[in-house]
Amino acid sequence: MQLDAIYTYPPALSQARSAIVIGGGVAGCFAGYFLHKAGFQVKLLERNDSIANEASGNAAGIIYPRLEASWNPPTQFYLQAWQMLMATLAELEGLVDFHKVGMARLALTAKDQERFVKIAELVDRSSWLRYENAQQAEKLLGIPLNYDFLYTPESGYLSVPSLCRALTRDIEVVTGVEAQGLERVGQSWYVCTKNSNDVLSADVVVVANAFAASLLLGSEFFNLSRVRGQVNYLQPQDEGTAGLRAVLCHKGYVTPLREGRHHIGATYNHDDFSSELIAAESQANLAQLQQMLPEFQGEITGGRAAVRCYAKDKMPIIGPMPSLRQPGGAMDVAMAMENSGVVNAPGLFVSIAHGSRGILSACLGGHIIQRAIVGEAVVGDDVNKSIHPARFFARSLRAAGINKLPS
Ligand SMILES: Cc1cc2nc3c(=O)[nH]c(=O)nc-3n(C[C@H](O)[C@H](O)[C@H](O)COP(=O)(O)OP(=O)(O)OC[C@H]3O[C@@H](n4cnc5c(N)ncnc54)[C@H](O)[C@@H]3O)c2cc1C
């Protein structure tokens, strides 16, 4: 059997009616939302006392698709995610603190200009994204700028906690409960938890608990990493920047005023995984902004920090989980494959490693999982391979010269 068979979706679970989602960040909330919409009885487990407390706690998350100057899997994935998110925000109209103020990605170098022109040509099918020159800045963005920019008028920023609350308003959310183990017995999945004697069961489990997924599913299988990020609030001293109407993305980003402050960010710290504010990171956010846009002067008046989870190839991990004999890792998968060819663990799905663009990727992730349960692939083959949970395992087999699977 060809190695690519590892990416095959499992057969439809037409009898499945109940789901447990592990993790109350944006990934778990989107998964719960799409499953509930499809008629599932959903229970979402969150270890903290409330949802959206960790990476998904930002009051101003930017809707920022990763688009590249080629029709590659990231471009395709994020374009599709964009469409899905816009449709979902329309369904949730009035429930999410969403500011559709537009977003401008600034062309800081000649190379950026060249790249952005290409992206606009490649992607512009519905005129939602266009290349604009610097003379248009004041009219479109509210302040004069010296940079050309890639402009997405329908984008903007939203409060991620408000999004999570809207997505979960009709589903059962159980907080203060930490999932510790998973087991499949017969047709059901059983989830044991740390702080409750109950063992919960459902037809389907979605693991959406970011970096902690390694503990449930096996760390070596996913190649997960963490990076801390901090955003800060900037009280402007200059009336001029108060006129900013759209989000500006440079190497970081700055939002229009929200409750009198710009939100600026974000840092990437690979050595510290705390959620305390770090003064040096506040300075780094301000220095990075002022290097590109010196007109932004003012005082830092607070911020927020959390830890992002990402995969080594910077794409999210979304889809059906290959069979685990027992939760524990790649060796179990290898054993299972050796004994019975490629098998998926029926009813076990993951949506993790959303990196810096979780608002978009978690949305398409939830949709992909819901459709996979009924046996339908909603992304193309190349995109599926770029996000599939088995990709690191498949790549390691290939690197070891194994191009076929036992059948
Ligand atoms: C500073 C910063 C700025 C960012 N800016 C943007 C932005 O502008 N735009 C954008 O799109 N993205 C942005 N991101 C990234 C985005 O926030 C993340 O990609 C997204 O929040 C990830 O969501 P998640 O649900 O995967 O993870 P999380 O939000 O971390 O959620 C995982 C949840 O699982 C829970 N959990 C863990 N283990 C268990 C367990 N065993 N049982 C039960 N619950 C468990 C955790 O408590 C947590 O609530 C930013 C991130 C940071 C840190």
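Residues numbered from 1 in each chain as written. Predicted model: local features only at pLDDT ≥ 70, side-chain atom pairs only at ≥ 80, totals over all residues. Heavy atoms only, no water.

This paragraph deals with the overall build of the protein. Assigned secondary structure in the protein consists of 13 helices and 20 strands. In terms of C-alpha radius of gyration, the protein reaches 22 Å, essentially the compact-globule figure of 22 Å for 407 residues. For the protein, the proportion of its 407 residues judged to be buried stands at 55%. Look at the contacts in the protein between residues 6 or more apart in sequence, and 75% of them connect residues 24 or more apart. For the protein, the accessible area works out to roughly 17100 Å², and carbon and sulfur atoms hold 47% of it. Distance from the positive charge centre (35 side chains) to the negative charge centre (38 side chains) of the protein: 4 Å. (Helix = DSSP H or I, 4+ residues; strand = E, 2+ residues; numbered from the N terminus. Rg over C-alpha atoms; globule rule 2.2 N^0.38 Å. Buried < 20%, exposed > 50% of the residue type's maximum accessible area, 1.4 Å probe, protein only. Contact = heavy atoms within 4.5 Å. Areas by Shrake-Rupley, 256 points an atom, 1.4 Å probe, with all protein chains shown as cover. Lys, Arg positive; Asp, Glu negative; His and termini not counted. Charge placed at Lys NZ, Arg CZ, Asp CG, Glu CD.)

The biggest cluster of nonpolar side chains holds 64 residues, and the ones touching the most others in it are Phe-30, Ile-63, Phe-77, Leu-163, Val-206 and Ile-368. Residues within four places of Ile-63 in sequence aside, it is in contact with Trp-82, Leu-85, Met-86, Leu-89, Phe-98, Met-103, Ser-155, Gly-156, Leu-158, Ile-359 and Leu-360. Listed in part, the 34 residues of the second largest apolar core include Ala-179, Ala-311, Ala-345 and Ala-394. (Core = buried A, V, L, I, M, F, W, Y, C linked by side-chain atoms within 4.5 Å.)

Our next topic: the state of the cysteines. A complete count under the given rule lists zero disulfides for this structure. Looking at the unpaired Cys-164, the closest cysteine sulfur is the one in Cys-29, lying at 3.9 Å. Here Cys-249 stays unpaired: no disulfide links it, and the sulfur of Cys-363, its closest cysteine neighbor, is 19 Å away. (Disulfide = S-S within 2.5 Å.)

Bringing the site of the ligand into the picture now. Not every one of the 35 residues close to the ligand is listed here, only the nearest: Glu-46, Ser-56, Ile-62, Ala-179 and Gly-355. At a separation of 2.8 Å, an oxygen atom of the ligand approaches a polar backbone atom of Gly-355. The protein chains hide 96% of the 1000 Å² of surface that the ligand would expose on its own. Residue assignment for the shell around the ligand shows that the elements contributing at least two residues are helix H1 (26-37), strand S2 (41-46), strand S3 (61-62), strand S14 (224-236), strand S18 (298-311) and helix H11 (358-373). Broken down by element, the residue count for the shell around the ligand peaks at three residues, all from S14. (Near = heavy atom within 4 Å. Polar contact = N/O pair within 3.5 Å; in protein donor to acceptor, adjacent residues only side chain to side chain.)

We now examine a nonpolar patch on the surface. A contiguous nonpolar patch, built from Val-185, Tyr-190 and Val-199 and spanning about 250 Å² of accessible area, is present on the exposed surface. Mapped onto the secondary structure, Val-185 falls in strand S10 (residues 179-185). (Patch = residues over 30% accessible without salt bridge, like charges linked within 9 Å, V, L, I, M, F, W, Y side chains within 5 Å. Salt bridge = Lys/Arg side-chain N within 4 Å of Asp/Glu carboxyl O.)

Turning our attention to H1. The first and last C-alpha atoms of H1 sit 16 Å apart over twelve residues, in line with the 16 Å expected at 1.5 Å per residue. Among the twelve residues of H1, ten are classified as buried, and the element is accordingly described as predominantly covered. Among all positions of H1, only Val-26, Ala-27, Gly-28, Cys-29, Phe-30, Ala-31, Gly-32, Tyr-33, Phe-34 and Leu-35 are buried. Immediately downstream of H1, the backbone of Gly-39 shows phi near 100 degrees, a positive value. (Expected span 1.5 Å × (residues − 1).)

Looking now at the packing of helix H2 (residues 73-91) against H11. Between H2 and H11, the least distance of the axes is 8 Å, while the angle of their chain directions is 85 degrees. Here H2 lies roughly perpendicular to H11, going by the angle between them. Two secondary-structure elements touch here, H2 through Phe-77, Tyr-78, Gln-80, Ala-81, Trp-82, Met-84, Leu-85 and Thr-88 and H11 through Ile-359, Leu-360, Ser-361, Cys-363, Leu-364, His-367 and Ile-368. (Axes fitted to C-alpha atoms, helices over the stretch in contact; angles between N-to-C directions. Parallel < 35°, antiparallel > 145°, perpendicular 65-115°, else oblique.)

Our focus in this paragraph is helix H5 (residues 160-167). For H5, the buried fraction is high: seven of the eight residues fall into the buried class. Next to the buried residues of H5 lie H1, S3, H2, strand S8 (157-158) and H11.

For the rest of this paragraph, the subject is the pattern of salt bridges. Counted according to the given criterion, the structure contains 14 salt bridges. In this structure, Glu-154 and Lys-100 form a salt bridge, with 3.4 Å as the shortest nitrogen-oxygen distance. Residue Glu-154 is located in the loop between strand S7 (149-152) and S8, and its partner Lys-100 is located in the loop between strand S4 (98-99) and strand S5 (103-106); the two are separated by 54 residues in the primary sequence. When its relative accessible area of 48% is taken as the criterion, Lys-100 is described as partly exposed. Across the pair Glu-281 and Arg-228 runs a salt bridge, and its minimum N-O distance is 2.9 Å. Highlighted residues: Glu-281 in helix H9 (residues 279-292) and Arg-228 in strand S14, separated in sequence by 53 residues.

Everything listed is a geometric property; what it means functionally is a separate question.
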